[in-house]
Amino acid sequence: MSLRHEFTKGFWEIVPPFRLVLGLCPTLAVTTSAINGIAMGLATTFVLIFSNLLVSLLRRFIPIQVRIASFIVIIASFVVMAELLMQAYFYPLYKALGIFVPLIVVNCIILGRAEAFASKNNPIISLADGLGIGLGFTISLFVLGCIRELLGSGTILGFHVMWSGFEPFAFMLKPPGAFVALGILLALMNLISQYQAKKGGAK
Amino acid sequence: MGDFILLMISAILVNNILLIRFLGNCPFLGVSRSMDTATGMGLAVIFVLTLAGMITWLVHTYILIPLGLEYLRTIAFILVIAALVQFVEMVIQKTAPPLYEALGIYLPLITTNCAVFGVAIININEGYDLITSIFFSFASACGFALALVLMAGMRQRFALVRIPKPFEGFAIGLITAGLIALAFSGLIGLV
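This one's a predicted model, so the numbers in the text were calculated from it and none came from an experiment.

Q: Is there a simple way to think about the overall build of chain B in this case?
A: Scanning chain B from terminus to terminus reveals nine helices and zero strands. Going from N to C terminus, chain B has its helices and strands arranged as α-α-α-α-α-α-α-α-α. Against the compact-globule benchmark of 16 Å for 191 residues, chain B has a radius of gyration of 17 Å, which places it among compact chains. With respect to the principal axes defined by its C-alpha atoms, chain B has extents near 60 × 45 × 30 Å. Evaluated residue by residue, chain B yields a buried proportion of 52% over its 191 residues. Expressed as a percentage of contacts within chain B between residues at least 6 apart in sequence, the contacts between residues at least 24 apart total 78%. With 8 positive and 8 negative side-chain charges, chain B shows a spacing of 15 Å between the two charge centroids.

Shown next, in the form of C-alpha cells:
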C-alpha cells in the first residue's frame with residue numbers, strides 16, 4: 001500500500017462519482033457551470049481531508065458502537081467551518097451553491113471514506129486518500145460542469161467559446177439534462193475501461 | 001386549505017425532490033432495482049421525513065433561535081436526524097415487528113439520505129410555520145416515494161432487454177432517471 005497509489009487511485013481507479021457511485025446529489029445539482037463544479041469540489045475536498053485526518057488520529061479512541069455518530073459530528077463540524085468561510089470570503093459562490101453547502105455533511109463519499117479508509121489507516125495515508133479522492137471528485141465535477149456549460153450556454157468558465165450562430169441547448173442546464181449527461185459520461189468511462197481491459201488481455 | 005393542496009401538488013409533482021431538486025439520489029439509484037425494496041424504502045422515508053421535518057423545526061425555533069445558535073444548525077439537525085432514526089428503529093422493533101421486518105434494513109440508510117436533511121433545511125430557509133413544514137415534509141416524501149416506485153418499475157424491465165455493454169448498471173439508470181425527470185418537467189405549468 002504505497003502513498004502514491006492511495007493518492008492517485010482517486011483520479012481514475014475509484015474516481016467519485018463514477019466508480020464510487022456516491023455523492024450524486026451535489027454532482028447533479030451544482031454542475032450547471034464549470035465554476036460551480038470546482039467550488040463544490042474544493043469545498044468537499046476541504047471537508048474530506050480534515051475529516052479523514054481527524055478520524056484517523058482519533059481511530060483508537062472512538063468506541064466502535066458509536067463510530068458512525070462520532071464521524072458525523074466530526075464531518076458536520078468541518079462542514080460548518082467550510083460554510084462560514086465561504087459565506088465570509090466567497091459570498092456569490094455560496095449563494096450559487098445554496099442548500100448544497102450544508103448538504104456536504106450528508107455527502108456519502110465523506111462518510112464512506114471515514115468508515116472504509118480513515119478509521120483503519122494511519123493519518124498520513126488517510127490524508128493522501130482524502131486529497132486524492134477529493135481532487136478526483138473536483139475534476140469530475142469540473143468536467144461535467146464544462147460539458148453542461150458548453151452545450152447549455154456556449155461558454156466555459158464564462159468565456160464564449162462556441163461559434164457566433166450557436167444555439168444554446170437549454171436542456172443541458174435543466175435537471176433532466178444533468179441525469180443524461182452524467183449517464184453518458186459514465187458509459188463513456190466504461191467503454192474506455194473495457195477497451196483497456198481488452199488491450200491488456202491481448203498482450 | 002387551498003394553499004396546502006397547492007403546496008402538496010407542487011412538492012410531489014412540480015418540484016419533485018428527487019428529480020428536480022436533486023436530493024436523495026444515492027438511495028434513488030441504489031434501491032430502485034426491484035419493486036419490493038423501492039416500496040419499503042419509500043414508506044420508510046415518508047415516515048421518517050415527516051417526523052424529522054417536525055422535530056427539526058421545533059429544535060430550530062425553540063432551542064437554536066432563543067440561544068442565538070443558528071450557525072450550529074447543520075450539526076444540530078444531523079444529530080437530531082441520526083438520533084430520530086435510531087429511536088424510530090427501536091420503537092418500531094418493539095411495537096410493530098411486522099413493520100420492522102418490512103422497513104428494518106432501510107431505516108439506518110435514511111440517516112445519510114440527503115432528502116431528509118435537505119427538506120429540514122428548506123423548511124427553515126423558506127420560513128414555513130410548523131403546520132406548513134409538516135405538510136411540506138410529508139408531500140416531499142410522497143414525491144420521493146412516487147419517483148422511486150416509478151423508477152423501480154422501469155428498472156425491473158431492464159432485466160429482459162439487451163442493453164449496450166458500456167451502458168449497463170448505473171449509466172442506463174441515470175439516463176432513465178433523466179427521461180422520468182423530463183416527463184416531470186412537463187408538469188411545471190401545473191401550479
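Q: Sorry, what's going on with the overall build of chain A here?
A: The helix and strand inventory of chain A stands at eight helices and two strands. Helices and strands in chain A line up, N terminus first, as α-α-α-α-α-α-α-β-β-α. Against the 2.2 N^0.38 benchmark of 17 Å for 203 residues, chain A shows a C-alpha radius of gyration of 18 Å, consistent with a compact globule. Counting only residues that meet the buried cut, chain A has 51% of its 203 residues in that class. For chain A, long-range pairs separated by at least 24 residues make up 74% of all intrachain contacts whose partners lie at least 6 apart in sequence.

Q: Explain the packing of helix α8 (residues 130–158) of chain B against helix α9 (residues 170–185) of chain B to me, please; I cannot follow it from the model alone.
A: A pair of packed helices is captured by two measures, namely the crossing angle of their axes and the spacing between those axes. Residue and element names in this part refer to chain B. Where α8 meets α9, the closest approach of the two axes is 11 Å, and the angle between their N-to-C directions is 130°. Comparing the axis directions of α8 and α9 gives the class oblique. Judged by the twist between their axes, the crossing of α8 over α9 is right-handed. Packed against α8, whose contacting residues are Leu146, Leu150, Met151, Met154 and Phe158, the element α9 presents Ile172, Gly173, Thr176, Ala177, Ile180 and Phe184 at the interface. Classifying every residue of the contact of α8 with α9 by side-chain character gives nine nonpolar, two polar and no charged.

Q: Please explain the interface of chain B and chain A as it appears in this structure.
A: When the parts come together, some accessible area is lost, and that loss is often what is quoted as the size of the interface. Listed as interface residues are 36 residues of chain B and, on the opposing side, 36 residues of chain A. In this assembly, chain B and chain A are joined by zero salt bridges. Taken together, the connections running from chain B to chain A amount to two residue pairs in polar contact (both at pLDDT 80 or more). Breaking the side of chain B that touches chain A down by element, the ones donating at least two residues are α2 (25–30), α4 (73–95), α7 (114–125) and α9 of chain B.

Q: Just checking my understanding: could you explain a nonpolar patch on the surface for this structure?
A: A surface patch of nonpolar side chains, amounting to about 400 Å² of accessible area, comprises Phe11(A), Trp12(A), Ile139(A), Val143(A) and Ile192(A). For Val143(A), the location among the structural elements is in helix α7 (residues 123–153).

Q: How do you make sense of the packing of α7(B) against α8(B) when you look at a structure like this?
A: Residue and element names in this part refer to chain B. Contact geometry of α7 with α8 gives a least axis separation of 10 Å together with a crossing angle of 145°. The crossing of α7 and α8 is right-handed. Of α8, the residues touching α7 (which contributes Ala115, Val119, Ile122 and Asn123) are Ser133, Phe136, Ser137, Ser140 and Phe144. Grouping the constituent residues of the contact of α7 with α8 by class yields five nonpolar, four polar and no charged.

Q: Explanation requested: the nonpolar core in the structure shown.
A: Soluble globular proteins: nonpolar side chains tend toward being buried together. Of all hydrophobic cores here, the largest spans 117 residues; its most connected members are Phe100(A), Leu19(B), Ile110(B) and Phe117(B). Element by element, the count of residues in this core is highest for helix α3 (residues 35–67) of chain B, at eleven residues. Once residues within four sequence positions are removed from consideration, Ile110(B) is found in contact with Met41(B), Ala44(B), Val45(B), Val48(B), Val85(B) and Val116(B).

Q: What's the story with the pattern of salt bridges in this structure? I'm lost.
A: Note on pairing: side chains with opposite charge can pair once their charged atoms come close. Residues and elements named next belong to chain A. In this structure the tally under the stated criterion is two salt bridges over all chains. Across the pair arginine 113 and aspartate 129 runs a salt bridge, and its minimum N-O distance is 2.9 Å. Remark: aspartate 129 occurs in helix α7 and arginine 113 occurs in helix α6 (residues 108–118); sequence separation between them is 16 residues. Here the two residues arginine 113 and aspartate 129 agree in accessibility, since each one is buried.

Q: Explanation requested: the environment of Gly127(B) in the structure shown.
A: Residue and element names in this part refer to chain B. Relative to the assigned elements, glycine 127 resides in the loop between α7 and α8. Looking at glycine 127, the relative accessible area reads 59%, which means it is exposed. Separated by 70 residues in the primary sequence, glycine 127 and tryptophan 57 place their C-alpha atoms 10.0 Å from one another.

Q: Would you mind showing me how to read the side chain of Ser33(A) here?
A: Within the secondary structure, Ser33(A) is located in the loop between α2 (24–30) and α3 (34–57). In this structure Ser33(A) touches Gly145(A) and Glu149(A), once residues within four positions along its chain are discounted.

Q: Please clarify how the confidence of the model for chain A should be interpreted in this entry.
A: When pLDDT drops low, the exact placement of atoms in the prediction is not to be read closely. Looking at chain A, pLDDT values average 85 and 98% of them are 70 or higher. Summarising per-element confidence for chain A, the mean pLDDT is lowest in strand β2 (residues 159–160) of chain A (77) and highest in α3(A) (92).

Q: Help me understand the packing of aromatic side chains, please; the structure alone is not making it clear to me.
A: Aromatic ring pairs: the centre-centre distance and the angle between the two ring planes describe each pair. Residues and elements named next belong to chain B. Evaluated as defined, the whole model comprises seven aromatic pairs over all chains. Centre to centre, the rings of phenylalanine 4 and phenylalanine 135 are 4.4 Å apart; their planes meet at 15°, and the pair counts as stacked. A residue pair is termed long-range when its members are at least 10 positions apart, and phenylalanine 4 in helix α1 (residues 2–14) and phenylalanine 135 in helix α8 qualify at 131 residues.

Reading the values: rules and limits
- Residues numbered from 1 in each chain as written.
- Chains lettered and ligands numbered in written order.
- Predicted model: local features only at pLDDT ≥ 70, side-chain atom pairs only at ≥ 80, totals over all residues.
- Heavy atoms only, no water.
- Helix = DSSP H or I, 4+ residues; strand = E, 2+ residues; numbered from the N terminus.
- Rg over C-alpha atoms; globule rule 2.2 N^0.38 Å.
- Buried < 20%, exposed > 50% of the residue type's maximum accessible area, 1.4 Å probe, protein only.
- Contact = heavy atoms within 4.5 Å.
- Lys, Arg positive; Asp, Glu negative; His and termini not counted.
- Charge placed at Lys NZ, Arg CZ, Asp CG, Glu CD.
- Axes fitted to C-alpha atoms, helices over the stretch in contact; angles between N-to-C directions.
- Parallel < 35°, antiparallel > 145°, perpendicular 65-115°, else oblique.
- Left-handed = near helix turned anticlockwise from the far one by under 90°.
- Nonpolar A, V, L, I, M, F, W, Y, C, P; charged D, E, K, R; others polar.
- Salt bridge = Lys/Arg side-chain N within 4 Å of Asp/Glu carboxyl O.
- Polar contact = N/O pair within 3.5 Å; in protein donor to acceptor, adjacent residues only side chain to side chain.
- Patch = residues over 30% accessible without salt bridge, like charges linked within 9 Å, V, L, I, M, F, W, Y side chains within 5 Å.
- Areas by Shrake-Rupley, 256 points an atom, 1.4 Å probe, with all protein chains shown as cover.
- Core = buried A, V, L, I, M, F, W, Y, C linked by side-chain atoms within 4.5 Å.
- pLDDT = per-residue confidence, 0-100.
- Phe/Tyr/Trp six-rings, centres within 6.5 Å; stacked < 30°, edge-to-face > 60°.

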